[in-house]
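Coordinate inspection notes
So the chains spell out like this:
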Amino acid sequence: MTNDPTPAHDDAPSVHRDDLGRRRFLTLGLTGAAAATAAAGTVLGAGAPAEAATSGGTLLAADEFDGAAGSAPNPGIWRFDTGAGGWGNAELQTYTDSRRNSALDGAGNLVVTARREADGSYTSARLKTEGTFTAQYGRIEARIRIPRGQGLWPAFWMLGADIGQVGWPACGEIDVMENVGYEPAVVHGTVHGPGYSGAQGLTASYTQPNGAAFADDFHVYGVDWRPGSVTWTVDGVARRTVTRADVGSAPWVFDKPFFVVLNVAVGGTWPGSPDATTRFPQQMTVDWVRVWQQA
């Protein structure tokens, strides 16, 4: 997303574009013995999702978004960025913590809803695990069905947990998945750091070979994040790797804890504004978020 948790800087993304450190892990969505087992870094038992057998690693943390329809996402995991101000990208929405903009659907999903309000303004939600959950290395994945339409900008990404101390881009940013509505068949992944931020970020873009819109179905977006490298994956297939060597003499700022962000922006310098073809409300549906220790 190339923005920090407050509307502070003014960078826009480019349109061209083995270990798991368990320093401060919250075992997402797990309780009791399952939480204790996962926190210890051992393989989860019978309650673990089937995908644990196919990811090539040990499932350490997961939020499956189970809960009653209309309820809030787990407050022990997710916090909210709220407010307007453009968020560094001339975005149009106001982020809220209202259930109108973020809620569980009762079917095992988190739904983030962007709305056009009666006065013509836009609202949406931006959820983060800052202060509750950080990851350092591993495979970080989410199964998501993105919204569609001109001016929509859904994203699944991570920010360095030291952003409050060092600011952006010194904290580092890993964009696992971004989509802009005018490119329905394309998703982007990017890393940003000092000397390679905004339009100079190192980008991996993937286009569906059949031209199908990513909004048509769920897809699994992930990064395989190791010391000195980040590899983007879509539906489990590696698409591009960037390494410490790719940033040259610039600092590699990805060997430390990061927190997770999920949001749907409306408008901005990259996607442009909604137009007459854009239908609201639009929803990003998140089936799960998982963190794996790589084998």
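Residues numbered from 1 in each chain as written. Predicted model: local features only at pLDDT ≥ 70, side-chain atom pairs only at ≥ 80, totals over all residues. Heavy atoms only, no water.

Considerations on the pairing of strand 16 (residues 258–266)
With 9 of its 9 residues buried, strand 16 lies for the most part within the structure. A two-sided burial pattern is seen for strand 16, the buried positions comprising F258, V260, L262, V264 and V266 on one face and F259, V261, N263 and A265 on the other. Of the pairings in the sheet, the one linking strand 7 (residues 126–128) to strand 16 comprises 3 bridges and is antiparallel in character. Looking across to strand 16, one finds that L127 is bridged to L262. Two elements, strand 9 (residues 152–160) and strand 16, share 9 bridges in a ladder whose sense is antiparallel. Pairing of M158 across the sheet is with V260, part of strand 16. (Buried < 20%, exposed > 50% of the residue type's maximum accessible area, 1.4 Å probe, protein only. Helix = DSSP H or I, 4+ residues; strand = E, 2+ residues; numbered from the N terminus. Pairing = 2+ DSSP bridges.)

Re empty space enclosed by the protein
In this structure, the largest cavity encloses a volume near 80 Å³. Every residue lining the largest cavity is counted, 14 residues in all, and those nearest its centre are V176, G189, A204, W232 and V234. Listed by contribution, the elements that provide at least two residues to the lining of the largest cavity are strand 10 (173–178), strand 11 (186–192), strand 12 (202–207), strand 13 (219–226) and strand 14 (229–234). Per-class residue counts for the lining of the largest cavity are 8 nonpolar, 5 polar and 1 charged. (1 Å grid on protein atoms, 1.4 Å probe; cavity = no way out; pocket = protein on both sides within 12 Å on 5 of 7 lines; lining within 4 Å. Points joined across faces, edges and corners; volume = space filled by probe spheres on them. Nonpolar A, V, L, I, M, F, W, Y, C, P; charged D, E, K, R; others polar.)

Some remarks on the packing of aromatic side chains
Inspection of every chain in the model, using the stated rule, returns 11 aromatic pairs. Where F214 meets Y221, the ring centres are 6.1 Å apart and the plane angle is 50°; that geometry is what we call tilted. According to the relative accessible area criterion, Y221 is buried, its value standing at 1%. Here W252 and F254 contribute two aromatic rings whose centre-to-centre distance is 4.8 Å and whose plane-to-plane angle is 75°, an arrangement assigned as edge-to-face. The pair W252 / F254 is uniform in exposure class, with both members buried. Members of the aromatic cluster, connected to one another through ring pairs, are Y137, Y196, W225, W252, F254 and F258. A cation over a ring is seen here: R239 above Y206, with NZ or CZ 3.8 Å from the ring centre. (Phe/Tyr/Trp six-rings, centres within 6.5 Å; stacked < 30°, edge-to-face > 60°. Lys NZ or Arg CZ within 6 Å of the ring centre and 35° of its normal.)

Purely geometric stuff here, so don't read any function into it on its own.
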